[in-house]
Amino acid sequence: MHTMATRHSRRNAPAVPPMPAAAPACADDELRWQAVQRRDKAADGQFYYSVRSTGVYCKPSCAARLALRKNVAFHDSCAAAEAAGFRACKRCKPNQPRLEERQAQAVAQACRLIEQAEAPLALETLADAVGLSRYHFHRLFKAHTGVTPRAYADGQRAERMRSRLPGSASVTEAMYDAGFNSSGRFYEQSGERLGMKPSAYRQGGSGERICFAVAQCWLGALLVAATAKGICAVALGDDPEVLVQELQDRFPKAELVGGDAQFERMLAQVLGFIEAPERGLDLPLDVRGTAFQQRVWQALRSIPPGVTLSYSALAERIGSPAAVRAVASACANNEIALLIPCHRIVRLDGSLSGYRWGVERKQALLEKERVAKP
C-alpha cells in the first residue's frame, strides 16, 4: 500500500530505540513514530498516522510496509485524518472497531440468532450470517463462548425445555416446542440437563425424593439437599425458612424429606468442611448444567483453599481464554455453595465480585481460608 513512499525496507531501517518506561506511547510525534515503527498494538486508538504519498491513514499497528518519516503525519482521531483529506487504509481499517471487537460482535450476533431460532441452524447458515467462513467461525465461536455452536444451541434448547415443561400438556409437546427434532437425542441428555426424568421435572419434581437438612454455622443458615445421586444444593442465608421455601419453589411436587441419620452424617461433614476447609471434602454431587458449566464447575473444584483466581485465569484453565463472560455466568449459576467453590473467583485486580449468597460471606470465607492455608 505504501510502496511509492518506501525506498528502504524494514531490515535496512535503523534500530528502534526502546520507549522510556515513564513516557506515554503518544506523548509527542517522536514517540508516536517509534510506536509506528514497532507496529505497537497498544497504541491503536491513541492516535493515527497518514502517509502523504498514498493519501491514506492507518493505525499504528498497520502491517503495511513502513513509509518514509518525511511523508508521515499524525492525527488524534479518524475524523481529524479525514478532515485533512486522507482516506482509511483498506488493510488495517482504522475507522472500524478493532479485530477482536469485530470478532466478539460476530459471535454475539450468532448467539442471538441461535437463541431466536425455532429450529437448529446449520453451521453454514450461521457463518454466512456473520460474514465468516465455516472453519473460522467455528473456531472463533468456541474461543469466545467455550463451546461449539451446536453445544450452545443444545444448551439453549435445554433452557427452553426447562421453562416449558411445567406448563406443557406433555413432555413431547414441550420437547418439540423447545426445538428438539429427535426424541432420542433429548432423552439421551435429559438426565444431565434436568437432573431427573423429564416427566418428573415437568410435574415440579413429582415422584422424586429429595432429602434435606438445615443447620446453623458461622456463616448463618445452611441448607444441604441431596438426591439419590448426590448433593444437589448447598445454600446459605439468614433465614432457614427462606432456604427451605426456595428449595420447595424449585421442586414444588417433589417429596422433600428431612434427612435421616446417614444424611445427618453428610451434613456434619459439610459443617466440618466449613470450619476447616483445608481438610478437603469428597462427597458425591448431583450437578446439573450444560457441558460448559460442568467444565467450569469441575475446574472450580480443583482450586485449593487459600487460593483465588480471576475469571480470565479460570477461562484459561479450562482452555477457553476468550470465554470470560461465559465463565462468570457459570459461576453465577452454581447451586452448590462451598463444595463448588465459586467464592474463590475474584476480579482481575483482586477485588471481590458478586456472590449469590452475599459478598460479605465471600469475604469471610476467603479470609478464613487464607488464615487456615497450610
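Below or above, wherever it landed, is the structure these notes cover. (Residues numbered from 1 in each chain as written. Predicted model: local features only at pLDDT ≥ 70, side-chain atom pairs only at ≥ 80, totals over all residues. Heavy atoms only, no water.)

## Things to note about the pattern of salt bridges
Any two side chains of opposite charge can pair, given that their charged atoms come close. Put simply, the rule is: Only one rule defines a salt bridge in this text: a Lys or Arg side-chain nitrogen within 4 Å of an Asp or Glu carboxyl oxygen. Only DSSP runs of H or I reaching four residues or more are called helices, and only runs of E reaching two or more are called strands; each is numbered from the N terminus. Any residue under 20% of the maximum accessible area for its type is buried, any over 50% is exposed, and the rest in between are partly exposed; the area is computed with a 1.4 Å probe on protein chains only.
A complete count under the given rule lists eight salt bridges for this structure. Measuring nitrogen to oxygen at the nearest pair gives 3.6 Å for the salt bridge that ties R134 to E124. With R134 in helix 5 (residues 134-145) and E124 in helix 4 (residues 123-129), the pair connects residues that are ten residues apart, well separated along the chain. With relative accessibility at 46%, the residue R134 sits in the partly exposed group. Looking at E124, the relative accessible area reads 35%, which means it is partly exposed. With a shortest N-O distance of 3.0 Å, R344 and E369 are connected by a salt bridge. A residue pair is termed long-range when its members are at least 10 positions apart, and R344 in the loop between helix 14 (324-332) and strand 10 (345-346) and E369 in helix 15 (residues 359-372) qualify at 25 residues. With respect to burial, R344 and E369 carry one shared label: buried.

## Re helix 10 (residues 240-250)
Put simply, the test is: What the arc covers is the set of directions going from the helix axis to the C-beta atoms. A contact between two residues is defined here by any heavy atoms of the two lying within 4.5 Å. Identification of polar contacts relies on pairs of N or O atoms within 3.5 Å, with a donor-acceptor requirement for protein atoms, meaning one able to donate a hydrogen and the other able to accept it, and with residues adjacent in sequence counted only if both atoms are side-chain atoms.
Here helix 10 has its buried residues at L243, V244 and L247. Buried residues along helix 10 cover an arc of 95° about the axis, so they all sit on one side. Away from its buried face, by an angle of more than 90 degrees, helix 10 presents the exposed residues E241 and D249. Among the structural elements, strand 5 (209-217), strand 6 (220-226), strand 7 (231-237) and strand 8 (255-258) are those in contact with the buried residues of helix 10. Its side-chain oxygen at 2.9 Å from the backbone nitrogen of E241, D239 defines the N-terminal cap of helix 10.

## A word on the nonpolar core
For soluble globular proteins, nonpolar side chains are generally found buried alongside one another. Rule in force here: By nonpolar core we mean a set of buried residues, namely Ala, Val, Leu, Ile, Met, Phe, Trp, Tyr and Cys, connected to one another through side-chain atoms within 4.5 Å.
Counting residues in hydrophobic clusters, the biggest one holds 72 residues, and the most contacted among them are L222, I231, V296, L300 and L338. Non-local contacts of L338, meaning those with residues more than four positions away in its chain, are made with L219, L222, V234, L236, F273, I274, H343 and L365. Listed in part, the 17 residues of the second largest apolar core include W33, F47, L66 and C92.

## Observations concerning empty space enclosed by the protein
The condition that has to hold: Cavity and pocket criteria rest on a 1 Å grid covering protein atoms alone: a 1.4 Å probe that fits but cannot get out defines a cavity, protein on both sides within 12 Å along at least 5 of 7 lines defines an open pocket, and an atom within 4 Å of a point defines a lining residue. Grid points are joined across faces, edges and corners, and a volume is the space filled by probe spheres set on the points. As a working rule, the residues Ala, Val, Leu, Ile, Met, Phe, Trp, Tyr, Cys and Pro are called nonpolar, Asp, Glu, Lys and Arg charged, and the rest polar, with Gly in that last group.
Per the counting criterion, the structure on display carries three cavities of 30 Å³ or more. Approximately 60 Å³ is the volume found for the second largest cavity. In terms of lining residues, the second largest cavity is bounded by W218, F273, I274, P277, L338, L365, K368 and E369. Counting residues per element, the ones that place at least two in the lining of the second largest cavity are helix 11 (261-275) and helix 15. It is helix 15 that contributes the most residues to the lining of the second largest cavity, three residues altogether. Of the residues that constitute the lining of the second largest cavity, the class distribution is six nonpolar, no polar and two charged.

## Things to note about the environment of V359
Considering the arrangement of structural elements, one finds V359 in helix 15. Along the sequence, V359 and H343 sit 16 residues apart, while their C-alpha atoms lie 8.9 Å from each other. Aside from chain neighbours lying at most four places away, what touches V359 is L352, S353 and G354.

## A short note on the packing of aromatic side chains
Cut-off, in case you're wondering: Pairing of aromatic rings covers Phe, Tyr and the six-membered ring of Trp, with a centre-to-centre limit of 6.5 Å; geometry is then stacked below 30 degrees between planes, edge-to-face above 60, and tilted otherwise.
Per the stated rule, a full pass over the model turns up five aromatic pairs. Arranged with centres 5.8 Å apart and planes meeting at 75°, the rings of F47 and F74 form a pair that is edge-to-face. Of this pair, F47 sits in the loop between helix 1 (29-38) and strand 1 (48-51) while F74 sits in strand 3 (residues 72-75), and the two are 27 residues apart along the sequence. Each member of the pair F47 and F74 is classed as buried. Taken together, the ring pairs in this structure connect F137, F141 and Y152 into an aromatic cluster.

## Brief notes about the packing of helix 12 (residues 291-301) against helix 14
To be explicit about the condition: Orientation is described by lines fitted to C-alpha atoms, with helices fitted over the stretch in contact, and by angles between N-to-C directions that extend from 0 to 180 degrees. Throughout this description, any angle smaller than 35 degrees is read as roughly parallel, any larger than 145 degrees as roughly antiparallel, any in the 65 to 115 degree range as roughly perpendicular, and the remainder as oblique.
Two elements in contact, helix 12 and helix 14, have axes whose closest approach is 9 Å; the angle formed by their N-to-C orientations is 75°. By the angle between their axes, helix 12 is roughly perpendicular relative to helix 14. Residue-level contacts link F292, Q293, V296, W297 and L300 of helix 12 to A326, V327, A330 and C331 of helix 14. For the contact of helix 12 with helix 14, the residue count by class is eight nonpolar, one polar and no charged.

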